[in-house]
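Structure at a glance
Chain residues, written in single-letter form:
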Amino acid sequence: MRIFVCVVAVALIAMTPSAARAQSGSAGLKGGLIAANLSTSGSGAFETSAEAGFALGVFGAIEFGAIARLQPEVLITQQRFAISLVGATVKSRAVAVPLLMHLRFGGDRRVRPVVFAGPQVSFISKVTQQAALGETDISDSIAGVDTGLTVGAGFEAAAGRGAFVVDARATFGLKDLSETGPPALKSRAFLLLAGYRF
């Protein structure tokens, strides 16, 4: 919850009139692949293996000089992972809202490397488990909101009035998602995304 409050506070500060006057902004679209699983610990801990899912969304950007950029994003994600112990596949749908600070390098070069990090809040809408006996909705066993930290790197290539963007990122969940007690469940995800910034 404290991370969510920080996300909202920084976003509100960035959108104040003084910030808007001093900085320029842009927006864009991005999408790609996500590989997610769970890190489990405590009594009854089990192993999970990631399967391919997708992510699609939009982002905004507020420029702070030639190097720094504050970038809020909204990504719709569908994640899948397998639990080999019980022969089941778990699928979840969520809306992820990262707030990322980007640092760009390379001066005026057409292609510029980028590194970034920041907090993320995810709103989990549905979780299902597919096993031999059919599909079961297990949403009530999983917390509806997750908080985490995102880190990544990529590059942007100037094209027309905007730029193509590509990034690879990892998100580490900080919250125990289990609503039924041990084992503790924390999300892990790796994403490969591409898009265009207008």
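To start, this report covers the structure provided alongside it. Every value quoted in this text rests on a predicted model; they were computed, and no experiment measured them. (Residues numbered from 1 in each chain as written. Predicted model: local features only at pLDDT ≥ 70, side-chain atom pairs only at ≥ 80, totals over all residues. Heavy atoms only, no water.)

**Section: the nonpolar core**
Among the nonpolar cores identified, the biggest contains nine residues, and these are Leu38, Phe81, Ile83, Val90, Val127, Ile142, Ala143, Leu177 and Leu185. Residues contacting Ile83, with those up to four places away along its chain left out, are Phe46, Glu47, Thr48, Ala88, Val90 and Gln129. Core analysis: the second largest hydrophobic core is formed by eight residues, Ala36, Ala55, Ala96 and Leu193 among them. (Core = buried A, V, L, I, M, F, W, Y, C linked by side-chain atoms within 4.5 Å. Buried < 20%, exposed > 50% of the residue type's maximum accessible area, 1.4 Å probe, protein only. Contact = heavy atoms within 4.5 Å.)

**Section: the side chain of Thr150**
Here Thr150 shows up in strand 7 (residues 145-159). Within polar-contact distance, the side chain of Thr150 engages the side chain of Gln120 at 3.3 Å. Beyond its immediate sequence surroundings of up to four residues, Thr150 is in contact with Leu100, Phe116, Ala117, Gly118, Gln120, Arg169, Ala170 and Thr171. (Helix = DSSP H or I, 4+ residues; strand = E, 2+ residues; numbered from the N terminus. Polar contact = N/O pair within 3.5 Å; in protein donor to acceptor, adjacent residues only side chain to side chain.)

**Details of the packing of aromatic side chains**
For the structure shown, the criterion picks out two aromatic pairs. Residues Phe164 and Tyr196 carry aromatic rings whose centres are separated by 5.2 Å and whose planes lie at 70° to one another, so their mutual orientation is edge-to-face. Taken together, the residues span a long stretch of sequence, with Phe164 in strand 8 (residues 162-173) and Tyr196 in strand 9 (residues 184-197) at a distance of 32 residues. What makes Phe164 partly exposed here is its relative accessible area of 48%. Centroid distance Tyr196 to Phe198: 5.2 Å. Interplanar angle 70°. Geometry classified as edge-to-face. For Phe198, a relative accessible area of 56% gives the class exposed. Following the ring pairs from residue to residue traces out a cluster consisting of Phe164, Tyr196 and Phe198. Between Lys30 and the ring centre of Phe59, over which it is positioned, the NZ or CZ distance is 4.9 Å. (Phe/Tyr/Trp six-rings, centres within 6.5 Å; stacked < 30°, edge-to-face > 60°. Lys NZ or Arg CZ within 6 Å of the ring centre and 35° of its normal.)

**Quick word on the pairing of strand 9**
Bridge count between strand 1 (residues 25-41) and strand 9: 14 bridges; the pairing is antiparallel. In the sheet register, Gly28 faces strand 9, and the bridge partner there is Arg197. As judged from the ten bridges shared by strand 8 and strand 9, these two strands associate in the antiparallel manner. The residue of strand 9 that forms the bridge with Ala163 is Arg197. (Pairing = 2+ DSSP bridges.)

**Some thoughts on the pattern of salt bridges**
Per the stated rule, a full pass over the model turns up eleven salt bridges. The salt bridge involving Glu73 is made with Arg169; its shortest N-O contact spans 2.8 Å. Residue Glu73 is found in strand 3 (residues 68-83), and its partner Arg169 is found in strand 8; the two are separated by 96 residues along the sequence. For the pair shown, Glu73 and Arg169 are each scored as buried. Among the salt bridges present, the one from Arg169 reaches Asp167, with a minimum N-O distance of 3.1 Å. We classify Arg169 as buried; its relative accessible area is 2%. Overall, Asp167 belongs to the buried group, its relative accessible area being 7%. If you follow the salt bridges from partner to partner, you end up with Glu63, Arg69, Arg104, Glu156 and Arg197 in one network. (Salt bridge = Lys/Arg side-chain N within 4 Å of Asp/Glu carboxyl O.)

**Considerations on a nonpolar patch on the surface**
Residues Leu29, Phe54, Leu56, Val58, Val74, Ile76, Val95, Phe123, Val145 and Phe198 make up a contiguous nonpolar surface patch of about 860 Å² in total accessible area. For the nonpolar patch, the secondary-structure elements that each account for two or more residues are strand 2 (49-64) and strand 3. For the nonpolar patch, the element with the most residues is strand 2, which contributes three residues. (Patch = residues over 30% accessible without salt bridge, like charges linked within 9 Å, V, L, I, M, F, W, Y side chains within 5 Å. Areas by Shrake-Rupley, 256 points an atom, 1.4 Å probe, with all protein chains shown as cover.)

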